[in-house]
Amino acid sequence: MSRVVYVNGRFVPHGQAAVHVEDRGYQLADGVYEVWAVLGGKLADASGHFERLARSLSELSITPPMERAPLEVLLRETIRRNHVREGLVYLQVTRGVAPRDHAFPAPHTPPSVVITAKRVDRAAADARAERGGAVITVPENRWGRCDIKTVGLLPNVLAKQKARAAGAVEAWFVDELGLVTEGASSNAWIIDKTGVLRTRDTQANILRGVTRKTLLQILAREGMRIEERPFTLEEAREAKEAFITGAGTLLLPVVSIDGKPIGGGTVGPVAKRLRRLYIEEARRTAV
Ligand code: PDD
């Protein structure tokens, strides 16, 4: 099935989809993005991602390319044209095309918009979640505004590649205090040795994960013990269970950190149950 990409007002074949060489996203990483999970052909956690997109754009003073409603139409159309039932839809907005200059271009410069959609083999993803995955740790070396979902992802790229080379699914950044901040493309969670669910608070320099937020609501509803408070790598090593959340993996149990088994080294019952609860909720509320 041939893939189609939305680029600045047109749907074009995937192989021909391109932006200008002086697009500020390409030259300066001057842009933001969002990723929605597509569940049953619908957008998961739709509003959370639109709200974060608006915030990322506003923090960088990039003019929103359009209102939510027409943008939503374009996301749906990209999903439809690519026949995606289970997968991901990716949106990128940059400050547009202009002669290279670090400072902002003329105010009327239109932002660039790209949308791609791809399928995920949900059965394979579910099977992987049954087995759980390994994480490695890397020193936190990112900039101070990880709350903005920018396309400036080089430290994340290098961390993820290191994980991949080690046969791991994710890399966790660990700051100079020994605290786990988040993953290269996910938020990090543990169930500590006292049985409390822990994930870092969003006052810290991390992305305000939409999956994280929805899961927190589910946990509150379930009456589970939860603390939004950082945890050290040491605490993670001693944890009963660990897992990651994000639009890419939804919720993936972690079975080892830097080669050392977590809990029994197999997927724990809580992470397994929470994955099911999150996916049920996300499917129920997808639009
Ligand atoms: N990544 N932290 C980072 C650094 C991320 O890049 C992501 C998402 C998350 C989880 O956020 P959410 O639950 O809103 O997806 C946390 C996306 C999936 C990506 O870069 O592909």
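Quantities reported herein were computed from a predicted structural model and do not represent experimental measurements. (Residues numbered from 1 in each chain as written. Predicted model: local features only at pLDDT ≥ 70, side-chain atom pairs only at ≥ 80, totals over all residues. Heavy atoms only, no water.)

Novice: How do you make sense of the overall build of the chain when you look at a structure like this?
Specialist: A count of helical and extended segments in the chain gives 8 helices and 15 strands. Taking 19 Å as the expected radius of gyration for a compact globule of 287 residues, we find that the chain reaches 19 Å, a close match to that expectation. Each of the three principal axes of the chain carries a C-alpha extent, and together these read 55 × 40 × 35 Å. Taken across its 287 residues, the chain has 51% of its residues classed as buried. By sequence separation, contacts in the chain at least 24 residues apart represent 72% of the contacts at least 6 residues apart. Total accessible area computed for the chain in this model is approximately 13600 Å², and 55% of it derives from carbon and sulfur atoms. Of the charged side chains in the chain, 42 are positive and 33 negative, and the gap between their average positions amounts to 5 Å. (Helix = DSSP H or I, 4+ residues; strand = E, 2+ residues; numbered from the N terminus. Rg over C-alpha atoms; globule rule 2.2 N^0.38 Å. Buried < 20%, exposed > 50% of the residue type's maximum accessible area, 1.4 Å probe, protein only. Contact = heavy atoms within 4.5 Å. Areas by Shrake-Rupley, 256 points an atom, 1.4 Å probe, with all protein chains shown as cover. Lys, Arg positive; Asp, Glu negative; His and termini not counted. Charge placed at Lys NZ, Arg CZ, Asp CG, Glu CD.)

Novice: What exactly am I supposed to notice about the sheet that holds strand S1 (residues 4-7) here?
Specialist: Strand pairing in a sheet relies on backbone hydrogen bonds. The paired strands run either parallel or antiparallel. An order of S2-S1-S6-S5-S3-S4 is seen for the 6 strands of this open sheet, with the pairing classed as antiparallel. For this open sheet the edge positions go to strand S2 (10-13) and strand S4 (42-43), each flanked by a neighbour on one side alone. As judged from the 2 bridges shared by S1 and strand S6 (residues 112-119), these two strands associate in the antiparallel manner. Within the sheet, the bridge partner assigned to Val7 lies in S6 and is Val114. (Pairing = 2+ DSSP bridges.)

Novice: Just to check I follow, could you spell out the nonpolar core for this structure?
Specialist: Among the nonpolar cores identified, the biggest contains 23 residues, and Trp36, Leu43, Leu75, Val89, Leu91 and Ile115 are the most heavily contacted of them. Secondary-structure elements contributing two or more residues to this core are strand S3 (31-39), helix H2 (46-59), helix H3 (68-81), strand S5 (87-94) and S6. Apart from residues lying up to four places away in sequence, Leu91 is in contact with Val32, Tyr33, Glu34, Trp36, Leu53, Leu71, Leu75, Val113, Val114 and Ile115. Leu215, Phe243, Leu274 and Leu277 belong to the second largest nonpolar core, which has 19 residues in total. (Core = buried A, V, L, I, M, F, W, Y, C linked by side-chain atoms within 4.5 Å.)

Novice: Please explain the packing of aromatic side chains as it appears in this structure.
Specialist: Aromatic rings in a pair are described by how distant their centres are and how their planes are angled relative to each other. Summed over the entire model, instances satisfying the criterion amount to 5 aromatic pairs. Ring centres of Trp36 and Phe50 lie 5.0 Å apart, and the angle between their planes is 55°; this geometry places the pair in the tilted category. Of the two residues, Trp36 is situated in strand S3 and Phe50 in helix H2; the sequence distance between them amounts to 14 residues. With respect to class, Trp36 is no different from Phe50; both count as buried. The side chain of Arg81 reaches across the aromatic face of Phe11, ending 4.1 Å from its centre. The aromatic ring of Phe104 is capped on one face by Arg95, whose charged end is 3.5 Å from the ring centroid. (Phe/Tyr/Trp six-rings, centres within 6.5 Å; stacked < 30°, edge-to-face > 60°. Lys NZ or Arg CZ within 6 Å of the ring centre and 35° of its normal.)

Novice: Even after reading the chapter, I still don't get the site of the ligand, so can you show me in this structure?
Specialist: Contacts to the ligand come from 20 residues, most closely from Tyr33, Arg52, Glu182, Val210 and Thr211. The side chain of Thr211 places a nitrogen or oxygen atom 2.6 Å from an oxygen atom of the ligand. Measuring from an oxygen atom of the ligand, one finds a backbone N or O atom of Ala247 at 2.8 Å. Summarising the interface, the protein chains cover 89% of the accessible area of the ligand, which totals 470 Å² for the free molecule. Residues that form the shell around the ligand fall into these classes: 6 nonpolar, 11 polar and 3 charged. (Near = heavy atom within 4 Å. Polar contact = N/O pair within 3.5 Å; in protein donor to acceptor, adjacent residues only side chain to side chain. Nonpolar A, V, L, I, M, F, W, Y, C, P; charged D, E, K, R; others polar.)

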